[in-house]
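# Geometric and topological summary
Listed below, chain by chain, are the residues.
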Amino acid sequence: MATIKSSFINLLLTLAIVTLIAGLSLGYVYQWTKEPIAQAQMAKQLKAIESVVEGYDNNPVNEKYKVATPDGKDSLEFFPARKGEELIGVAIKTKSTRGYSGDIWVMVGFDQAGQIKNIVVIEHKETPGLGSKMTTPAFVNQFLNKHPEKLKLKVKKDGGDIDAISGATISSRAYVEAVQSAFDTFKSSVNHATAN
Amino acid sequence: MPQPISNTDTFLKGIIKENPVFVILLGLCPTLGVTSSAINGLGMGVATAFVLVMSNLAISLVKNIIPDKVRIPAFIVIIAAFVTVVQLLMAAYTPALNEQLGLFIPLIVVNCIVLGRAEAFASRNTSGASILDGLGMGVGFTFALLLLGAIRELLGNLSFFGYKIVEADGILIFILAPGAFITLGFIIATMKWMKGRKKSSTR
């Protein structure tokens, strides 16, 4: 089929040209989609923040900062929600690496007193129909408007207050752990702020 | 030279007679992996169809200037470029679907259907016929994934394209991996049965 001889120089040249053209066109498409991709990611974060804290009028994504977890191993992203100048709450992006399959990313919203306002799962790869039920109200409602110091953040099997999803104890445990780490980090950041 | 086939045949053969999933049984990894819902199957099918058509076109255009010895690497570079384009476009304009399909989008590069059509068809035919072949195979693949996804979603979640039909739990196993194998097996068996009946009735 090919009319060009398979000489060494021809092989080299054709491959070089093919990769060059492919590379150039990819560069062009990358430039073209860079802006929409950034916007889509921003919209996704804003949507998650919107559902866990309410009544703010700033852009929490632009004011995000990182706080180290108390054990110092990791740091979490904090998205402060302000109304005018007043800080009314904070959304914290946290994760657990102990899910059934892959990391579970969770956004937790706290008000100034440390009460949980809402929790949404940003990303997970848990089993559909079992672990994925952690996004249903029946599970999430157990956390709402509770203060983690009064609510034992452990599944009942481990002596806590949270009813695990049936058939998905591992996912429930990971979820609870993620919420706990968000609260611990929140608490230590508040303690720091008052100590200063 | 291939025997002369009409354009409609080139297009139609991919849909039923040589359906890449149900008859040739190619590209089963994404087929079984992503079809847990109708929308996932449709998205994956359309993405693959786009890559098929574009790579068939590009390869049929350059077939005469690529030396035989480097034809496979050259084809793979071309296919990979189109897959990356699809991935960037999906990340930009359909971020939710892109996350659902995840790793399976970059894996279109190694989907046997795409390289198979490039090697078996596009590198030997005109660009017009290659586009038709890519379209036919793409539509066939999309049809197969959509059918699988719809059946699995219906049985496993009692919903269709995300709309709950009955407010109850479905048969969970159909959303999980084993359900993909079971459903695919039943579809292939049904197709074979229908083919057999057709044959015996014409006899």
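Anything mentioned here points back to the structure above.
Summary of the structure given here. (Residues numbered from 1 in each chain as written. Chains lettered and ligands numbered in written order. Predicted model: local features only at pLDDT ≥ 70, side-chain atom pairs only at ≥ 80, totals over all residues.)

### Comments concerning the nonpolar core
Core analysis: the largest hydrophobic core is formed by 49 residues, its most contacted members being B:Val51, B:Ile78, B:Ile79, B:Phe82 and B:Val86. Those elements giving two or more residues to this core turn out to be α1 (8–52) of chain A together with α3 (38–62), α4 (71–93), α6 (112–122), α7 (127–157) and α8 (177–202) of chain B. With sequence-adjacent residues up to four places away left out, B:Ile78 is seen in contact with A:Val18, A:Ala22, B:Ser55, B:Ala58 and B:Ile59. Among the nonpolar cores identified, the runner-up in size contains 35 residues, and A:Phe110, A:Phe143, A:Ala174 and A:Tyr175 belong to it. (Core = buried A, V, L, I, M, F, W, Y, C linked by C-beta atoms within 7 Å. Buried ≥ 20, exposed ≤ 12 C-beta atoms within 10 Å, placed from the backbone. Helix = DSSP H or I, 4+ residues; strand = E, 2+ residues; numbered from the N terminus. Contact = placed C-beta atoms within 7 Å.)

### As for the interface of chain A and chain B
Counting residues at the interface gives 25 residues for chain A and 28 residues for chain B. Grouping the amino acids of the side of chain A that touches chain B by side-chain chemistry returns 14 nonpolar, nine polar and two charged. (Nonpolar A, V, L, I, M, F, W, Y, C, P; charged D, E, K, R; others polar.)

### Thoughts on the packing of α3(B) against α6(B)
Between two packed helices, what matters for the description is the angle formed by their axes and the separation of those axes. Residue and element names in this part refer to chain B. Between α3 and α6, the shortest axis-to-axis distance is 10 Å and the interhelical angle comes to 35°. Viewed along their axes, α3 and α6 form a crossing whose handedness is right-handed. Contact residues: Val51, Leu52, Ser55, Asn56, Ile59 and Ser60 in α3; Ile113, Val114, Arg117, Ala118, Phe121 and Ala122 in α6. (Axes fitted to C-alpha atoms, helices over the stretch in contact; angles between N-to-C directions. Left-handed = near helix turned anticlockwise from the far one by under 90°.)

### Some points on the sheet that holds strand β2 (residues 75–83) of chain A
Residue and element names in this part refer to chain A. The strand order β1-β2-β3-β4-β5 describes an open sheet built from five strands, whose pairing is antiparallel. Each edge of the sheet is formed by a strand with only one pairing partner; in this case those strands are β1 (65–68) and β5 (116–123). The mean inter-strand angle of the sheet, taken between neighbouring strand axes irrespective of direction, is 30°. Judged from the eight bridges that link them, strand β3 (residues 86–96) and strand β4 (residues 104–111) form a sheet pairing that is antiparallel. Note on β4: the bridge partner recorded for Val90 is Phe110. On the sheet, α1 packs against β2, β3, β4 and β5 and is oriented at approximately 155° with respect to β5. (Pairing = 2+ DSSP bridges.)

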